[in-house]
Amino acid sequence: MAGRAPGLAQVESAVGDQRSISAAGLSGHGCTVDVPAGPVSRPTSLVQEPRAIVITPAESTAGSPASLGIASARSALIGWRNAVFAAFFVAGLGLASWMSRLPTVRDDLGLDTIQVGILIFGLSAGSVIGLLIAAALLARLGARRAMLVSVSLSASGLVLMGTGVSLVPSAPFVFAALAVFGIGIGSLDVMMNVEGAAAERAIGRTLMPLMHACFSLGTVVGALGGAAASAWRVTVFWHLLAVAALVLGTILVAVRFIPPAIDNAEKADAPTRAWRDRLRAGLVVWRDRKLLLIGVIVLGMTFAEGSANDWLALASVDGHGFSNTDGAIVFGVFVAAMTVGRVIGGPVLDRFGRVPVLRACAAIGIVGLVLFILAPSTPIVFVATVLWGLGASLGFPVGMSAAADDAENAAARVSAVAIIGYFAFLVGPPVLGLLGEAWGILNALYLILILMVLAGLAAPAARPVSRRTQ
């Protein structure tokens, strides 16, 4: 998750090729626009299939053929980029729409804290399954159809969740629906990162932070929508049905701008051909002490982010006496702070460097968590939530970049760190549920505090490798 960024356990390094955008309609003029490879903030999960953005003869009938070809190619690249932005946005929207209604779901189904944790585990387990099948879906179907399949699963899961809460109340039914939703979200997470890295390389600009900011923006809109639905007493079914329709409609339009693969045989064979090499490299990197420390950074920060997604609204209701609507608003404040942190994170990292920024994020997050747990008043809760969101915003992206510093083993290193991060998403909900039932949900949040302290202490492991040693 996008944020959550949700999902690079399958992420592998893409070939560092140039993207050649061939103007097929201008072949008589020999017009080919070569877009040089640009910086890639995160390696991709598959060796990228070759893409061709074709300019038709009709587009070259007026003006300079070369200039028209360049303009059309640029337009196609922008469309590709925007399609990936849209995928990140709808992933965040769907996830936050569910999370923001969690207090209402708990009340409607009559669940205790442990049962809520088990319910959320269905989403986590489904997401892991989605991560595992994403590469096969991409290889078999191509990006366009694979993303449609993933989003269709997510939309179906949302509708089924609403059905299991409002129409035929059943916790096991909602658990299964969450698993379906998780499979869609988990697989989409890999696919949109694959497409994002490919588009970034083709355009030649660093775009991944903005793509993940789109995910966070989607969570903001989803949280606000959830708060509004709660305030207007819209049932969970009708709320999630509307969100599912919006998500599916958006992706149906967006995928039209994703360029298709032009060599299906090579695309389908790539995952099989590289499997043994990926497996061997994936096992070796786990002996790297520095990489494991980077994993500690990602574990602490991801746990802080994922726990807020799962429990913040409920902790505001049960721990601080907020209404369900106000709990959804608190969650919206958190994801808004995450969005701001990711938008400004790039320039801040460029100016101050990874280690100081990670230490500052850990410190800010720790202060926010302590204030949230002990908050004596409503304004302090909101201030604490902002600090919590800012503190957790950059841990996952910076950890991924640090893991990829060793270009030779970047794929295996990124995959290993991502697995550690997803361990937090998988284990966090039930663990906090058990602790919350025994000692209260606010006291359970001290576990996040401990992990963020460890993440701050491990920050030096993210220091960039000097060029002389690469």
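Keep in mind that what you see is a predicted model, and the values were worked out from it rather than measured.

1. Some points on the overall build of the protein chain
No. 1: Secondary structure assignment for the protein chain yields 16 helices and two strands.
No. 2: The burial tally for the protein chain puts 55% of its 470 residues in the buried class.
No. 3: Surface exposure of the protein chain reaches about 18300 Å², of which carbon and sulfur atoms provide 66%.

2. Here's the deal with the confidence of the model for the protein chain
No. 1: On average, the protein chain scores 79 in pLDDT, and the residues at 70 or more come to 76%.
No. 2: Element-level pLDDT for the protein chain is lowest in strand E1 (residues 19–22), with a mean of 36, against a maximum mean of 97 in helix H6 (residues 236–254).
No. 3: Segment residues 3–50 is flagged for pLDDT under 50; beyond a separation of four residues in sequence, or across chains, it makes 169 contacts in the model.
No. 4: Counting interchain partners and residues more than four positions distant, the pLDDT-below-50 stretch residues 52–62 has 28 contacts.

3. Notes on the side chain of Thr339
No. 1: One can find Thr339 in helix H10 (residues 324–352).
No. 2: When its relative accessible area of 11% is taken as the criterion, Thr339 is described as buried.
No. 3: Among the polar contacts listed, one links the side chain of Thr339 to the backbone oxygen of Ser216, at a separation of 3.1 Å.
No. 4: Contacts of Thr339, omitting those with residues within four sequence positions, involve Ala213, Ser216, Leu217 and Val220.

4. Focus on unusual backbone geometry
No. 1: We note that Arg233 has phi near 60 degrees; this positive angle belongs to a residue other than glycine.
No. 2: Along the polypeptide, Arg233 turns up in the loop between helix H5 (208–231) and H6.

5. What about the packing of aromatic side chains?
No. 1: Tallying each qualifying case throughout the model produces four aromatic pairs.
No. 2: Ring centres of Phe237 and Trp238 lie 5.1 Å apart, and the angle between their planes is 75 degrees; on these two criteria the pair is classed as edge-to-face.
No. 3: Consider the rings of Phe334 and Trp388, whose centres lie 5.7 Å apart with planes at 75 degrees: the pair is edge-to-face. One end of the pair, Phe334, is in helix H10; the other, Trp388, is in helix H12 (residues 378–392), with 54 residues separating them in the sequence.

6. Looking at the environment of Gly182
No. 1: Within the fold, Gly182 resides in helix H4 (residues 171–203).
No. 2: Apart from residues no more than four positions distant in its own chain, Gly182 is found in contact with Leu123, Gly126 and Ser127.

7. Looking at helix H16 (residues 446–457)
No. 1: Compared with an ideal rise of 1.5 Å per residue, which puts twelve residues at 16 Å, H16 spans 17 Å between its outermost C-alpha atoms and is within 8% of the ideal.
No. 2: Listing the buried residues of H16 in full gives Ile448, Leu449, Leu451, Met452, Ala455 and Gly456. What you see down the axis of H16 is that its buried residues fit within an arc of 165 degrees, all on one side. More than 90 degrees from the buried face of H16, the exposed residues found are Ile450 and Leu457.

8. A closer look at the side chain of Arg342
No. 1: Here Arg342 shows up in helix H10.
No. 2: In this structure the side chain of Arg342 is engaged in a polar contact, spanning 3.0 Å, whose partner is the side chain of Ser216.

9. Concerning the environment of Leu111
No. 1: Mapped onto the secondary structure, Leu111 falls in the loop between helix H2 (102–109) and helix H3 (113–167).
No. 2: Residue class for Leu111 comes out buried when judged on its relative accessible area of 12%.
No. 3: When the C-alpha positions of Leu111 and Ala171 are compared, they lie 8.3 Å apart, and in sequence the two are 60 residues distant.
No. 4: Not counting chain neighbours up to four residues away, the residues in contact with Leu111 comprise Arg106, Val116, Leu119 and Ala171.

Calculation notes
- Residue positions are counted from 1 within each chain, in the order its sequence is given.
- Where totals are concerned, whole chains, interfaces and linings use all residues; where local detail is concerned, this predicted model gives features only for residues with pLDDT of at least 70, and gives and counts side-chain atom pairs only at 80 or more.
- With hydrogens and water stripped out, all remaining heavy atoms of the structure feed into the side-chain values.
- In this text, helices come from DSSP runs of H or I with a minimum length of four residues, and strands from runs of E with a minimum of two, each type numbered from the N-terminal end.
- Only protein chains enter the accessibility calculation, which uses a 1.4 Å probe; a residue whose area is less than 20% of its type maximum is buried, one above 50% is exposed, and one in between is partly exposed.
- For accessible areas, the Shrake-Rupley method is used with a probe of radius 1.4 Å. Any residue's cover is judged against the shown protein chains and nothing else.
- Every residue carries a pLDDT, the predictor's confidence in it, which falls somewhere between 0 and 100.
- Here a residue-residue contact requires only that any non-hydrogen atoms of the pair lie within 4.5 Å.
- Any pair of nitrogen or oxygen atoms within 3.5 Å is treated as a polar contact; in protein, a donor-acceptor pairing is required on top of that, and neighbouring residues in sequence qualify only through side-chain atoms on both sides.
- Any two of the Phe, Tyr and Trp rings considered here, Trp counted by its six-membered ring, make a pair once their centres fall within 6.5 Å; the pair's planes then place it as stacked at under 30 degrees, edge-to-face at over 60, or tilted in between.
- The span expected for a helix works out to 1.5 Å for each residue beyond the first.
- It is the directions from the helix axis to the C-beta atoms whose arc is reported.

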